[in-house]
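Descriptive structure summary
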Amino acid sequence: MGNFLRRLDRALARSEEFFLATALGFMALVVFCDFALRETVNESWVWAKELAAFLMVWVGFVGASLAAHRGRHLVLRAGERIFSARLRKWTSPVSSLLTAALCFHLAWLGIAYVTETQAMGERSLTLGIPLWMVQAVIPFAFTTVGLRFLGAGLGILEALPTSDPEGTHNPPTGLKETG
Amino acid sequence: MIAGWLVVLVALLCLLLGVPLFGVVALLTLGLIHFLGDGFLQEIVGDMFNAVNKDILLAIPFFIVAGQVMTEGTIALRIIRVARAWLGWMPAGLAITAVGACVFFAAISGSSPVTLIAIGSALFPALTREGYRENFSLGLLPAAGSLGILIPPSIPMILYAISVSTPERPVAVGDLFLAGVLPGLMIAGVLCVYSIGMEGLKAKVRFDAVEARASLKAGFWSLMLPVLILGSIYSGFATPTEAAALGVVYALVVELWVHRDLRIRAVPKVLVEGALSMGTLFLLIVLAMALNQFLALERIPQQLAEGMQSLVSNKVAFALLVNIFLLVVGCFMDVLSAILILGPILVPMAMAYGFDPVHFGIIFIVNLEIGYLTPPMGMNLFVASSVFKRPLEQVVMASLPFVGLMIGCLALITWLPEISLWLGRFLE
């Protein structure tokens, strides 16, 4: 069971990585092309800014979910100096389970909010897409972040938070392919 | 009211237990709205969505990606070569080269620890080889590296602008970027003068016009990135977000096809890393913004400002208090969380004492920059200790004189708003 959940977690992380790379690249391209068109042929894509902002919402929340997988959420390390190693064996799972509970509560609130937006039929200004589609990422991300912290709290997954906001101590692998 | 303080107490306990910062802010937001507000928790989600559905937020991952693409490969060496050729002839030439290289690199990477790793790992052995005292180099490099967040483009400045702006009091990212330039150059200048005072008798290289030209040619494309970004913003061609996107495209073109330091199959990984850095911050941003929305609605920052004014009537005393408070905060909290959580509370207070929000932003950031050099949470101390392979205690002691210098600069920056605001007014 544990192995299956870990595999599931890794598969989700891989699809999140694929989505993030594609969406962030696309966002940069859309904003750049809109800027270049405006400055060269005096034309503008009116929908560009809205599309990029919506993609940003998705990239941010999905990125937060991947950050939980990689243990990159920020934490104050002061507790480590206060609690002994034996006590920390207890505090660490308790903090993960607490975080999971908070995330599930926010996910539940998110579902209620998104359902309400859907019922009201709100659409975006320039693209005309239903807003609930953009907002749906909020409960999705809080659910996956919550599940990852639940897994860490129960000792199934590793999702240890960090006090190193830029990952300086754990540089990403694969970036050193310089020629 | 008691329930409100209980919520704050439980949140502090969770912080110590090791609950991630976003969880602590979530608890604060949910608890305070439940007990002190209308209890309509669902609106938090709406506030979160409205807070991040903003154009300017895109600039953060774009700047991160542009910096990451550019800092792969040989750019640090190219910048060091330029700085060495143009500054190395001065007394304490290599130390000044290190400061100059950090300033240039900071303008490209926007991150203090990354600046320290890239420039420091190449220059620490060179400084030792040329006979500079080890403790001098161990203190100088983390201090110069910390300039990363003050020299534009700077991610903490974007977050400051987002978190403290209100419809009545907008704070423009472009104004903050400009305001950081002179204080950044001033701190760099002070570090250079101190280096000359301490190590001015060290051998220097003769100025070589041929090498100076050759180094500029080799470093040209890297040095053009900050020129392009800042130039496009201040000439009015591009918004900060567009300039950041321009930076991404430019950095990719230069590293893939001009320097050829990056392979195309490594690009997705750089993009994921940029999105991940954003993801690390994102929940904290959305939840802090929802909390700020609630606090503003309840006029809590204004009440705190009035309370503070009844206790401290003098602007100088307030400036002293807020600087001490932020220096302590900088010792325990990372820069971005401190800005998101404390910015919206402290800015109305500072404005009540007559501080300009842009000037106060620079004071805020210089304080937190010093926090990179102060234990127990000084990120640059850990990075220097691990990259230079020296005990943390030695790095802490070596950094002390530089912390003193930077506190002196902070006092000047606080006392003389013109250092921060003059350039913006001049260019207007």
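Every residue gets a number counted from 1 within its own chain, in the order that chain's sequence is written. Chains carry letters from A onward and ligands carry numbers from 1 onward, assigned in written order. In keeping with the predicted nature of the model, local features appear solely for residues at pLDDT of at least 70, side-chain atom pairs appear and are counted solely at 80 or more, and the whole-chain, interface and lining totals rest on all residues. Excluded from the side-chain calculation are hydrogens and water; included are all heavy atoms of the structure.

1. Digging into the overall build of chain A
- The way it works is that DSSP assigns letters per residue, a run of H or I at least four long becomes a helix, a run of E at least two long becomes a strand, and they are numbered from the N terminus. Along its length, chain A carries 6 helices and 0 strands.
- Along the chain direction, N to C, the helices and strands of chain A fall in the order α-α-α-α-α-α.
- Only protein chains enter the calculation, and the probe is 1.4 Å; a residue is then buried if its accessible area is under 20% of its type maximum, exposed if over 50%, and partly exposed in between. Within chain A, buried positions represent 46% of all 179 residues.
- In this description, contact between two residues means that some pair of their heavy atoms is separated by no more than 4.5 Å. Contacts in chain A between residues far apart in sequence, at least 24 positions, make up 75% of those at least 6 positions apart.
- Where accessible areas are quoted, they stem from the Shrake-Rupley method and a 1.4 Å probe; at the residue level, only the protein chains shown are allowed to cover. Surface summary for chain A: the accessible area is close to 9000 Å², and the carbon and sulfur share equals 65%.

2. Overview of the interface of chain A and chain B
- Opposite the 74 residues of chain A that make contact, chain B presents 75 residues.
- Note on chain A versus chain B: buried area summed over both sides is about 6500 Å², and carbon and sulfur give 74% of it.
- The term salt bridge refers to a pairing of a side-chain nitrogen on Lys or Arg with a carboxyl oxygen on Asp or Glu at a separation within 4 Å. The tally of links from chain A across to chain B stands at 4 salt bridges.
- With a closest N to O distance of 3.2 Å, E242 of chain B and K49 of chain A form a salt bridge.
- Definition of a polar contact: a pair of N or O atoms within 3.5 Å, with one able to donate and the other able to accept a hydrogen when the atoms are protein atoms, and with sequence-neighbouring residues admitted only if both atoms are side-chain atoms. For the pair chain A and chain B, the number of links is 5 residue pairs in polar contact (both at pLDDT 80 or more).
- Listing elements by their share of the side of chain A that touches chain B, those giving two or more residues are α1 (2-41), α2 (48-69), α3 (78-82), α4 (85-120), α5 (131-135) and α6 (137-153) of chain A.
- Of the residues forming the side of chain A that touches chain B, the biggest block, 14 residues, is contributed by α4 of chain A.
- Put simply, Ala, Val, Leu, Ile, Met, Phe, Trp, Tyr, Cys and Pro go in the nonpolar bin, Asp, Glu, Lys and Arg in the charged bin, and everything else, Gly too, in the polar bin. Residues of the side of chain A that touches chain B, tallied by class, amount to 42 nonpolar, 18 polar and 14 charged. Summed over both partners, the accessible area lost on bringing two parts together, with a 1.4 Å probe, is the buried area.

3. Looking at the environment of I75 of chain B
- Within the secondary structure, I75 of chain B sits in helix α5 (residues 75-87).
- When sequence neighbours within four positions are dropped, the list of residues in contact with I75 of chain B reads M70, F105, I108 and S222 of chain B.

4. A look at the packing of aromatic side chains
Residue and element names in this part refer to chain B.
- Any Phe, Tyr or Trp ring, taking Trp's six-membered ring, that has another such ring centre within 6.5 Å forms a pair; planes under 30 degrees apart are called stacked, those over 60 apart edge-to-face, and the others tilted. Tallied over the entire structure, the rule returns 18 aromatic pairs over all chains.
- An aromatic cluster of at least three residues, connected via ring pairs, comprises Y160, F318, Y353, F355, F360 and F364.
- Its end group placed over the ring of F355, K315 keeps NZ or CZ at 4.7 Å from the ring centre. Placement of a charge over a ring requires the Lys NZ or Arg CZ to be within 6 Å of the ring centre, with the centre-to-atom vector within 35 degrees of the ring normal.

5. Overview of helix α11 (residues 209-234) of chain B
All names here are of chain B.
- For a helix, the expected span equals 1.5 Å multiplied by the residue count minus one. Counted at 1.5 Å a residue, the expected span for α11 with its 26 residues is 38 Å, but the 32 Å between its end C-alpha atoms falls short.
- A residue's bend is simply the angle between two axes: one fitted to the seven residues ending at it, one to the seven starting at it. Along α11, the sharpest change in direction is near 60° and occurs at F220.
- Taken as a whole, α11 has its buried residues at A212, S215, G219, S222, L223, L225, P226, I229, L230, S232 and I233.
- Where α11 is buried, its residues contact α4 (59-71), α5, α6 (93-109), α10 (173-199) and α12 (240-258).
- Immediately beyond the C-terminal end of α11, within one or two residues, lies G236, with a positive phi of roughly 85°.

Spatial relationships are all this shows, so hold off on functional conclusions.
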